[in-house]
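# Inside the fold
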Number of protein chains: 2
Amino acid sequence: MSEFDTPEASTDARTLADRVFARLQDDIVRGVLPPGTKLGETELAARYGVSRGPLREAIRRLESRRLLERVPHVGTRVAMLSIPELVEIYRVREALEGMAARLAAENMTAAEIAGLGELLAQHERQPGVQADTAYIQSEGDLDFHYRIIHGSHNATLIDLLIGEMYHRVRMYRLQLATLANRPQKALSEHRRILEAIEARDGEMAELLMRRHISRAREHLEAQHAASPDEPSWTNGKP
Amino acid sequence: MSEFDTPEASTDARTLADRVFARLQDDIVRGVLPPGTKLGETELAARYGVSRGPLREAIRRLESRRLLERVPHVGTRVAMLSIPELVEIYRVREALEGMAARLAAENMTAAEIAGLGELLAQHERQPGVQADTAYIQSEGDLDFHYRIIHGSHNATLIDLLIGEMYHRVRMYRLQLATLANRPQKALSEHRRILEAIEARDGEMAELLMRRHISRAREHLEAQHAASPDEPSWTNGKP
DNA sequence: GACGGCCATATTGTCGACAATCTTGCTTGA
DNA sequence: TCAAGCAAGATTGTCGACAATATGGCCGTC
């Protein structure tokens, strides 16, 4: 199970608020609490075995990460993401991850590149086409991107992508497992990105990464055009 | 006084936690609480006339924005920013604001463009070289960038730049008023960016914006090379 | 029958007190 | 004299109770 969490969010953090933050984020991202779920503070506090104080601190942090939406005096619910919003995110990812790929080609250590190669080889060894493994592949895709982002060795970039954007993408992806991926093509694109990084060709790595994300976005937009209100929890306010 | 605050942060928000968040952020960004200041919860609660509950919620949010640094069971202090970190931020700004400029050229309304023109004309009317007005110019620079970011009409981009990065830049800038700006050159660069936007030339707008920020970054790096430990609160842990 | 205002209820917002943890200065021994 | 351990103090973490606000159903009126 790939480790996507930010360092301070490990489950055995020093304070209850930190632990609740980690667990709640996990439950949201993994789909235990689907988008749109109303979260009662008393109920949640009981569920996690803490008082409402630490819980509210965790909620405020998740709100900052846009995983929760809160209305004063009314309540908190799990954030929803419409396809147009997701497309917007992909457009920003294109710029940021393109930059990350360029920096990764320049800054990744030999060990990091080797590790990335192993990860990719492992993905290629999997029988990629069955419906079941689509989910696995999906997480694997994130893992690949995740490593390149870290390979940029730019803390600001890492914070923005991992801390602010990726959780939302993950949440969405788990909710819409039906939304077909394109494993083989994505995999070969990953392969070429890796080759560019191995060649320390930053410009090429950026170009390939931008294309890779751009194609995923186009795929998404095509799906959306085909069935505009596919995700039942799409952001239409009731 | 330009309005940089995020909508929910207006001073008369519905809850104490929101108001404290806004006031505390303002005190940090405006330099009332300089970087490195230790923040005692009891003392702060008294200062803002609230209990520690809402205060802690505000602290967690400011921590998410990287304006505060917190160590469990030890305390909270105003975040510090070293020049290398700031340079890193400028590199990311280059990518994100370049994109914002391109989108602004494509998406800004005629009214928004007219308003941007007025703002720039107003800056050009100011006697730009005196030491005092450097600060004004400085805020004006941020205002210009701020409008272009919003002109992108991409909510994700706006959130990242305004919500996650700009507060840190603002804080830094106020602390280091001595770090000379380059008002005239920046102003003429702004003028050319505006022209590209008026011509709806997205590619040109992006190119010019990237150059503009890149030059500011180089200026920063040059200053830093000249006096490496200029800011007394630079991030060297004592 | 539909609309608007009112009240009971449940939920959120806030507070003050208690418990747990870290810091710091002192003591004690080598 | 210096270092390690300890204890007192201060600060942060957590909790349960109280107050304020919105929701939703009820009643009355048009």
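Right, let's walk through the structure included here.

## Focus on the packing of aromatic side chains
Per the counting criterion, the structure on display carries 0 aromatic pairs over all chains. Across from the ring centre of F21 of chain A, 4.0 Å away, lies the NZ or CZ of R61 of chain A, which sits over that ring.

## Considering the pattern of salt bridges
All chains considered together, the criterion is met by 40 salt bridges over all chains. Taking the shortest distance from any N to any O, the salt bridge between E41 of chain B and R52 of chain B comes out at 3.0 Å. Highlighted residues: E41 of chain B in helix α2 (residues 41-48) and R52 of chain B in helix α3 (residues 52-64), separated in sequence by 11 residues. Salt-bridge contacts for R210 of chain B lead to E206 of chain B; the nearest nitrogen and oxygen are separated by 3.1 Å. Residue R210 of chain B and its partner E206 of chain B are both found in helix α9 (residues 202-226); the two are separated by 4 residues, about one turn of the helix. With a relative accessible area of 22%, R210 of chain B lands in the partly exposed category. Overlapping salt bridges bring together D18, E57 and R61 of chain A together with E41, R52, R56, R60, E63 and R70 of chain B as one network.

## Here we look at the relation of the copies chain B and chain A
The transform that puts chain B on chain A rotates by 180° and translates by 0.0 Å along the axis, for an RMSD of 0.0 Å. Here the transformation between the copies is reduced to the relation of a two-fold axis. When C-alpha distances to the rotation axis are compared across chain B, the minimum falls at E57 of chain B, with a value of 2.6 Å. When the interface residues of chain B are mapped onto chain A, 100% of them are again interface residues, pointing to one common binding face.

## Re the protein's contact with DNA strand D
Near DNA strand D there are 21 residues, and of these L16 and S51 of chain A together with R14, R52 and R56 of chain B occur at the shortest range. Atoms of DNA strand D within 4 Å of the protein: sugar and phosphate make up 73%, bases the balance. At a separation of 2.3 Å, a phosphate oxygen of DNA strand D approaches a polar backbone atom of L16 of chain A. In this structure, L39 of chain B approaches DNA strand D through a main-chain N or O atom, which is 3.5 Å from a phosphate oxygen. Broken down by secondary-structure element, the contributors of at least two residues to the surface near DNA strand D are α1 (16-29) and α3 (52-64) of chain A together with α2 and α3 of chain B.

## Some thoughts on α3 of chain B
Over its 13 residues, α3 of chain B extends 18 Å from the first C-alpha to the last, a length consistent with the 18 Å expected when each residue adds 1.5 Å. Among the residues of α3 of chain B, those classed as buried are P54, L55, E57, A58, I59, R60, R61 and L62 of chain B. Buried-residue contacts for α3 of chain B involve α1 and α3 of chain A together with α1 (16-29), α2, β2 (68-71) and β3 (75-78) of chain B. Where α3 of chain B begins, the capping side chain belongs to S51 of chain B, and its oxygen is found 3.2 Å from the backbone nitrogen of G53 of chain B. Looking one or two places after α3 of chain B, you find R66 of chain B, whose phi comes out positive at around 65°.

## Some details on the sheet that holds β3 of chain B
Strand pairing in a sheet relies on backbone hydrogen bonds. The paired strands run either parallel or antiparallel. Reading across the sheet, the 3 strands line up as β1-β3-β2 (chain B) and stay open at both edges, with antiparallel pairing between neighbours. Pairing within the sheet leaves two strands with one partner each, and these edge strands are β1 (38-39) and β2 of chain B.

## Overview of the side chain of D18 of chain B
With respect to the helices and strands, D18 of chain B occurs in helix α1. Using a relative accessible area of 6% as the deciding quantity, one classes D18 of chain B as buried. Only 2.8 Å separates the side chain of D18 of chain B from the side chain of R60 of chain A, close enough to count as a polar contact. Setting aside anything within four residues of it in sequence, one finds D18 of chain B in contact with R60, R70 and P72 of chain A together with A13 and R61 of chain B.

## Examining the packing of α1 of chain B against α2 of chain B
All names here are of chain B. Where α1 meets α2, the axes come as close as 11 Å, and the angle between the chain directions of the two elements is 105°. One element, α1, and the other, α2, form an angle in the roughly perpendicular class. Taken together, the residues of α2 that come into contact with α1 (itself represented by V20, R23, L24 and D27) are L44, R47 and Y48. A per-class count over the contact of α1 with α2 returns 4 nonpolar, no polar and 3 charged.

## A few points about unusual backbone geometry
Even without being a glycine, R200 of chain A presents a positive backbone phi close to 55°. Relative to the elements of secondary structure, R200 of chain A occurs in the loop between α8 (183-198) and α9 (202-226). Unusually for a residue other than glycine, H73 of chain B sits at a positive phi of about 70°. You can call H73 of chain B exposed: its relative accessible area is 71%.

The rules behind the values
Numbers given for residues are sequential positions, taken from 1 along each chain in its written order. Written order decides the labels, with chains lettered from A and ligands numbered from 1. Local features in this predicted model are restricted to residues whose pLDDT is 70 or higher, and side-chain atom pairs enter the listing and the counts only when it is 80 or higher, whereas totals over whole chains, interfaces and linings include all residues. Water and hydrogen atoms play no part in the side-chain values, which are based on all heavy atoms of the structure. Working definition: a ring pair exists when centres of Phe, Tyr or Trp rings (six-membered ring for Trp) sit within 6.5 Å. Plane angles under 30 degrees give stacked, over 60 give edge-to-face, the rest tilted. Definition used: whenever NZ (Lys) or CZ (Arg) falls within 6 Å of the ring centre and also within 35 degrees of the ring normal, the charge is taken to sit over that ring. The salt bridge criterion pairs a side-chain nitrogen of Lys or Arg with a carboxyl oxygen of Asp or Glu, the two atoms within 4 Å. Segments assigned H or I by DSSP are reported as helices when at least four residues long, segments assigned E as strands when at least two residues long, and all are numbered from the N terminus. Any residue under 20% of the maximum accessible area for its type is buried, any over 50% is exposed, and the rest in between are partly exposed; the area is computed with a 1.4 Å probe on protein chains only. Copy-to-copy alignment: least squares on C-alpha atoms, limited to residues at pLDDT 70 or above in both. Any pair of residues with heavy atoms lying within 4.5 Å of one another is described as a contacting pair. By convention in these notes, a residue is near a molecule or strand provided one of its non-hydrogen atoms lies within 4 Å of it. Pairing of N or O atoms within 3.5 Å defines a polar contact, subject to two protein rules: one partner must be a possible hydrogen donor and the other a possible acceptor, and residues neighboring in sequence count only if both atoms are side-chain atoms. To estimate how far a helix should extend, the number of its residues minus one is multiplied by 1.5 Å. Strands qualify as paired when DSSP identifies two bridges or more between them. In this analysis an axis means a line fitted to C-alpha atoms, helices contributing only their contacting stretch, and an angle means the value between N-to-C directions, from 0 to 180 degrees. These descriptions rest on fixed angle ranges, namely under 35 degrees for roughly parallel, over 145 for roughly antiparallel, 65 to 115 for roughly perpendicular, and the rest for oblique. Any residue that is not Ala, Val, Leu, Ile, Met, Phe, Trp, Tyr, Cys, Pro, Asp, Glu, Lys or Arg is counted as polar, Gly included; the first ten are nonpolar and the last four charged.

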